[in-house]
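The residues making up each chain are set out below.
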Amino acid sequence: MWRARRAAVACEVCQSLVKHNSGIQRNLPLQKLHLVSRSIYRSHLPALKLQRPQLRTSFQQFSSLTNLSLHKLKLSPVKYGYQPRRNFWPARLAARLLKLRYIILGSAVGGGYTAKKTFDEWKDMIPDLSDYKWIVPDFIWEIDEYIDLDKIRKALPSSEDLAKLAPDLDKIADSLSLLKDFFTTGSPGETAFRATDHGSESDKHYKKVSDKEKIDQLQEELLHTQLKYQRILERLEKENKELRKLVLQKDDKGIHHRKLKKSLIDMYSEVLDVLSDYDASYNTQDHLPRVVVVGDQSAGKTSVLEMIAQARIFPRGSGEMMTRSPVKVTLSEGPHHVALFKDSSREFDLTKEEDLAALRHEIELRMRKNVKEGCTVSPETISLNVKGPGLQRMVLVDLPGVINTVTSGMAPDTKETIFSISKAYMQNPNAIILCIQDGSVDAERSIVTDLVSQMDPHGRRTIFVLTKVDLAEKNVASPSRIQQIIEGKLFPMKALGYFAVVTGKGNSSESIEAIREYEEEFFQNSKLLKTSMLKAHQVTTRNLSLAVSDCFWKMVRESVEQQADSFKATRFNLETEWKNNYPRLRELDRNELFEKAKNEILDEVISLSQVTPKHWEEILQQSLWERVSTHVIENIYLPAAQTMNSGTFNTTVDIKLKQWTDKQLPNKAVEVAWETLQEEFSRFMTEPKGKEHDDIFDKLKEAVKEESIKRHKWNDFAEDSLRVIQHNALEDRSISDKQQWDAAIYFMEEALQARLKDTENAIENMIGPDWKKRWLYWKNRTQEQSVHNETKNELEKMLKCNEEHPAYLASDEITTVRKNLESRGVEVDPSLIKDTWHQVYRRHFLKTALNHCNLCRRGFYYYQRHFIDSELECNDVVLFWRIQRMLAITANTLRQQLTNTEVRRLEKNVKEVLEDFAEDGEKKIKLLTGKRVQLAEDLKKVREIQEKLDAFIEALHQEK
């Protein structure tokens, strides 16, 4: 017994010496060492040879308040026996000094043994810091490649060898006791007895207290210790965040080429973005994991997401529905805390309040843009990337809050639409459901819990989050009710994990740091932790984000390869279908087809500018005459020719031509030119190109043509200049040569013959079929046609009697014709006689005018003499020559304007229309349709998805 006590004393003293002299200080735990120094120190211990920590592959409880072993080191009670004194002190002093080397050697051996034992205890106390392995530089992980640590370890003496070298511990204890007596005052062993007495008094004190007080005291000590290590870990995380920021900044500058070319989470987010645009066909569905955030309206979904993203990035409103469409947030690490949209290059600095306000405003604008008229919410997703040092890598989708009642201002189907959007995301078997429940209201009033229970009845991919726990603890009379909610006992909902968080005091202007401090302060003083209603790993948004991230990556690793195989099979099926249906065509998707059609359209517009001037003038002159011929014959020529006087004829023609030129002719000419340009443009756009023609572009070309024509506006100044030119052309009466005279006669004959033909058709329709058609084609006349025929015959008899009859019938002539018809039993009214006379006289007049044209073929000589001493007058030929010359000059002027101005402006309009269509995805889908286009689209998207999935899987294996 005495020997054991002396050995214990020796160990105590050795420990004290090691405390002051050893390379490892007892009062400085391993956590407080510099991270690099700690890693180097661990590399020299055989039991702690550094290796790259493996990624966790299962869901774990994350907390800095767990895995803490609380060991109290108590000194063993030591009692000293009686030591006799000797009077010969010089000899005694020399003997003690000679034994000093044994004391030092024993101290070293005992101190090393004690240090190893103490280090083993500390090692158990250190929390799991494997997530911070990246802080340690790479050369530390590879130090065993350059230094043979095993060889160094083997060269050191083992614990058995050190024990053999150690002297008798009894003698060492005796020597230490004597040495202590020599240098200290007081009775021997007084200090040791004092410690022993103190320990015995403490034992007596603990025996007096009750068991309940012991439990309370131990819980209090446990809580304080946990909070202590919580603060230590938070400080380490802050240092880690700063170090990580510096490292990532160096990576941005290209110093560390080994670092991320593209982060793993960004690659995964790109895959999800492509999948969101992919039409789920061919039995292929998107089953890649996402964290789907669901909850009742105003339950705190947005606040939880902002705490995880460490920035106030979402629009906020008091009681108003702010989340009107799904928002996909991709969290990743970066040197700066920034946010950017998938379709925009602008970065929002989340450390600046003005950028945060601009980001919230932009998200709100995008949501309102996605919501169609008459709706309240939209299923279209907004993609947002948030980067920053220390952010957990994951993809979250914030959904509109589930509502129970449709209020005023909402669409009637808002509730059903929100349910359908939520179900569409949650029915993914690999989606992680983050169910947010407001802790400040009764759990029975929650709607989302029933919905989540339906989609995940076993709770294998659901994480339950109780928000506003501070209000719940304050307002709820029974705190155990919160425990029942967290444990899922209050209502039948199963979950993978249960968490309680505090998201601020309800002030929207609070910073994330202030909310985090308030949350930590609340849980430090909360009865929920002190009474063990909640576990340490179940509180704070920090622990929540760690748990969600771990679960997310577990789901990703388990499902991504299966999804890649599914898309490989889909790609094979699509490629086989394409080869069977379109073996000689390239696989052009909708954008590539649009570019091809765009080039064809621009080529056709360019070919429009290569039309010859002769062709332009011919079609313009012909089109203009077709437009104005009726007016010229009916309103100018016939009224003037029926005057039967050359002077009156010329005067009437001049007056009517001037009126026509001032009011109608220039406008008609511009209309004809614009219509001619449209016709030529349409002809180039729509005419087949032989074997190269692809009918898949027909709808697009037609739409481009119509939109370009709609945007084109003719130059208004063209009419004014054209009026002057036409007026000068019509005033000229001088025919210079016989060739122009003959051309005018030919033009006049064509015009009159066309009118005569029209008149013959009108008369035939009026009187019905003649005898030949009645006999050959078995056609009969109607009663009205028979009356018209009798009237026509009577009027023709009148014209034979007087071929110089004027254009209008007199009243007595109408009466005579009517009585003659009545005598034959045909009842007619005067209006029918006038209508029939108009067509009969018109035919007679046109035949007479054509006969006059034949006489005027030899009249150019008399025209040069101004028809002096001649009965032949050909003023009508001069009129048609003036019209013909005006048409030629007008066509030439319009052709110049077309080729110099309007064709180029039309080409510019076509380019603008094509640019607008290129940016309008819906327009492309509407105009480029068909099985071929859809098959190429699906094939391209599946290939893109497969390539991105393969790249992501490769990067995922490299990270392992």
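Residues numbered from 1 in each chain as written. Predicted model: local features only at pLDDT ≥ 70, side-chain atom pairs only at ≥ 80, totals over all residues. Heavy atoms only, no water.

1. Some remarks on the overall build of the protein
Just so we agree on the cut-off: Helix and strand definitions here come from DSSP, where helices need a minimum of 4 consecutive H or I residues and strands a minimum of 2 consecutive E residues; each element is numbered from the N-terminal end. For every residue, the accessible area obtained with a 1.4 Å probe (protein chains only) is divided by the maximum for its type, and the residue is called buried under 20%, exposed over 50%, and partly exposed between those limits. By the convention used here, residues are in contact when the closest approach between their heavy atoms is within 4.5 Å. Only the protein chains shown count as cover for residues, and all accessible areas are computed by the Shrake-Rupley method using a 1.4 Å probe.
Helix and strand counts for the protein stand at 36 helices and nine strands. When each of the 960 residues of the protein is scored for burial, the buried share is 44%. Taking the contacts inside the protein whose residues are at least 6 apart along the sequence as the reference set, 81% of them involve residues at least 24 apart. A total accessible area of about 53100 Å² is found for the protein, and carbon and sulfur atoms account for 51% of it.

2. Topic: the pairing of strand β3 (residues 338-341)
Heads up, the condition is: If DSSP finds at least two bridges between two strands, the strands pair.
The side-chain alternation of β3 yields two buried faces, one formed by Val338 and Leu340 and the other by Ala339 and Phe341. As defined by bridge partners, β3 adjoins strand β4 (residues 348-349) across two bridges and the pair is classed as antiparallel. The partner of Val338 across the bridge, within β4, is Asp349.

3. Quick look at the packing of helix α22 (residues 590-608) against helix α36 (residues 931-959)
Selection rule: Each axis is a line fitted through C-alpha atoms, and for a helix only the stretch in contact is used; angles between axes span 0 to 180 degrees, taken between their N-to-C directions. In these notes the angle categories are as follows: under 35 degrees is roughly parallel, over 145 is roughly antiparallel, 65 to 115 is roughly perpendicular, and the rest is oblique. Residues are grouped as follows: nonpolar covers Ala, Val, Leu, Ile, Met, Phe, Trp, Tyr, Cys and Pro; charged covers Asp, Glu, Lys and Arg; every other residue, Gly included, is treated as polar.
Viewed as axis vectors pointing N to C, α22 and α36 meet at an angle of 125°, and their least axial separation amounts to 9 Å. The orientation of α22 relative to α36 falls into the category oblique. Residues Arg590, Asn591 and Leu593 of α22 form the contact with α36, whose own contacting residues are Arg932, Val933, Gln934 and Glu937. Among the residues forming the contact of α22 with α36, the class breakdown is two nonpolar, two polar and three charged.

4. Description of the pattern of salt bridges
Pairs may arise between side chains of opposite charge once their charged atoms sit close together. Selection rule: Any Lys or Arg side-chain nitrogen found within 4 Å of a carboxyl oxygen on Asp or Glu counts as a salt bridge.
This model, assessed by the stated rule, comprises 40 salt bridges. For Glu270, the salt bridge identified is with Lys948, shortest N-O distance 3.2 Å. Note that Glu270 is positioned in helix α12 (residues 264-276) and Lys948 in helix α36, a separation of 678 residues in sequence. Under the relative-accessibility criterion, Glu270 is labelled partly exposed at 27%. Close ionic contact of Glu675 with Arg627 constitutes a salt bridge, the shortest N to O distance being 2.4 Å. One end of the pair, Glu675, is in helix α25 (residues 665-686); the other, Arg627, is in helix α23 (residues 613-641), and 48 residues separate them in sequence.

5. Some details on the nonpolar core
Quick note on the threshold: Note on terminology: a nonpolar core comprises buried Ala, Val, Leu, Ile, Met, Phe, Trp, Tyr and Cys residues joined through side-chain atoms within 4.5 Å.
In this structure, Leu608, Tyr637, Trp660, Leu677, Trp741 and Ile883 are the most contacted members of the largest nonpolar core, which totals 102 residues. The dominant element in this core, judged by the number of residues it contributes, is helix α34 (residues 875-919), at 17 residues. Leu391, Val548, Trp553 and Ile945 belong to the second largest nonpolar core, which has 68 residues in total.

6. What to know about the state of the cysteines
In plain terms, the rule: In plain terms, two cysteine sulfur atoms within 2.5 Å form what is called a disulfide here.
In this structure the tally under the stated criterion is one disulfide. With no disulfide partner, Cys853 has as its closest neighbouring cysteine sulfur the one in Cys856, 6.6 Å distant.

7. Some details on the pairing of strand β7 (residues 432-438)
Side-chain direction in a regular strand flips from residue to residue, so the side chains alternate between the two faces of the sheet. Counting buried residues in β7 gives seven out of seven residues, a clear majority hidden from the surface. Residue alternation in β7 divides its side chains into two sets, Ile432, Leu434, Ile436 and Asp438 and Ile433, Cys435 and Gln437, and both sets are buried. Pairing between β7 and strand β8 (residues 462-467): six bridges, direction parallel. Counterpart to Ile436 in the pairing with β8 is Val465.

8. Examining unusual backbone geometry
Positive phi values are uncommon outside glycine, yet Ser298 reaches one of about 65°. Its location among the elements puts Ser298 in the loop between β1 (291-295) and α13 (301-309).

9. Side note on the packing of aromatic side chains
Where we set the bar: Only Phe, Tyr and Trp rings take part, Trp by its six-membered ring, and two of them pair if their centres are within 6.5 Å. Stacked means planes under 30 degrees apart, edge-to-face means over 60, and tilted covers everything else. The criterion is that NZ of a Lys, or CZ of an Arg, lies within 6 Å of the ring centre and within 35 degrees of the ring normal, and then a charge sits over that ring.
In total, this model carries 17 aromatic pairs according to the counting rule given. A ring pair is formed by Phe464 and Tyr498, whose centres lie 6.0 Å apart and whose planes are at 55°; its orientation type is tilted. Taken together, the positions of Phe464 in strand β8 and Tyr498 in strand β9 (residues 497-500) put the pair 34 residues apart, joining distant regions of the chain. For the residue pair Phe464 and Tyr498, the accessibility class agrees, reading buried in each case. Taking the centre distance of 5.2 Å and the plane angle of 40° together, the rings of Trp741 and Tyr863 count as tilted. Of this pair, Trp741 sits in helix α28 (residues 738-767) while Tyr863 sits in helix α33 (residues 860-864); the two residues are 122 residues apart in sequence, bridging distant segments of the chain. Accessibility expressed as a relative area gives 0% for Trp741, which makes it buried. Site record: aromatic cluster; members linked through ring pairs are Trp625, Tyr637, Phe747, Trp837, Tyr841, Phe845 and Phe880. Above the plane of the ring of Phe684 lies Arg683, whose end atom (NZ or CZ) is 4.6 Å from the centre. The aromatic ring of Phe594 is capped on one face by Lys924, whose charged end is 5.1 Å from the ring centroid.

10. Focus: helix α27 (residues 717-731)
Defined as follows: Each helix should span, by expectation, one fewer than its residue count multiplied by 1.5 Å.
Between its terminal C-alpha atoms α27 stretches 23 Å, which fits the 21 Å expected from 15 residues at 1.5 Å a residue. The inward-facing, buried residues of α27 abut α24 (646-663), α25 and α34.

11. A look at the side chain of Glu680
Along the chain, Glu680 falls in helix α25. Each residue touching Glu680, except ones within four places of it in the same chain, is listed here: Leu608, His615, Trp616 and Ile619.

12. Digging into the sheet that holds β4
Sheet strands pair via backbone hydrogen bonds, and the direction of the pair is either parallel or antiparallel. Strands sit in the order β4-β3-β5-β2-β6-β1-β7-β8-β9 across an open sheet of nine strands; the sheet is mixed. Of all strands in the sheet, those bounded by a partner on one side alone are β4 and β9. Relative to strand β5 (residues 382-387), helix α14 (residues 353-370) is tilted by about 160°, and along the sheet it contacts β2 (327-332), β3, β4 and β5.

13. Overview of the environment of Leu451
Checked against the element boundaries, Leu451 lands in helix α16 (residues 448-455). With 157 residues separating them along the chain, Leu451 and Val294 place their C-alpha atoms 9.6 Å apart. Setting aside anything within four residues of it in sequence, one finds Leu451 in contact with Val402, Phe419, Ser422, Lys423 and Met426.

14. Considering a negative patch on the surface
Here is the rule we go by: Each patch is built from salt-bridge-free residues with over 30% relative accessible area, joining like charges within 9 Å and nonpolar side chains (Val, Leu, Ile, Met, Phe, Trp, Tyr) within 5 Å. Here Asp and Glu are counted as negative and Lys and Arg as positive; His is not counted, and neither are the chain ends. The atoms used to mark charge sites are NZ of Lys, CZ of Arg, CG of Asp and CD of Glu.
A surface patch of negative charge is lined by Glu380, Glu912, Glu915, Glu919, Asp920 and Glu922. Ranked by the residues each element gives to the negative patch, the list is headed by α34, at three residues. Topologically, Glu922 is positioned in helix α35 (residues 921-927). Glu922 sits in the exposed class, given a relative accessible area of 67%.

15. Brief notes about α16
Rules: It is the directions from the helix axis to the C-beta atoms that the arc portrays.
Within α16 the residues assigned to the buried category are Val448, Thr449, Leu451 and Val452. Taken down its axis, α16 places every buried residue within 160° of arc, on the same side.

16. Brief notes about a nonpolar patch on the surface
Taken together, the side chains of Trp771, Trp775, Leu776 and Tyr777 present a nonpolar region at the surface, about 610 Å² in accessible area. Topologically, Trp775 is positioned in helix α29 (residues 771-777). Taking the relative accessible area as the measure of exposure, Trp775 reaches 68% and is therefore exposed.

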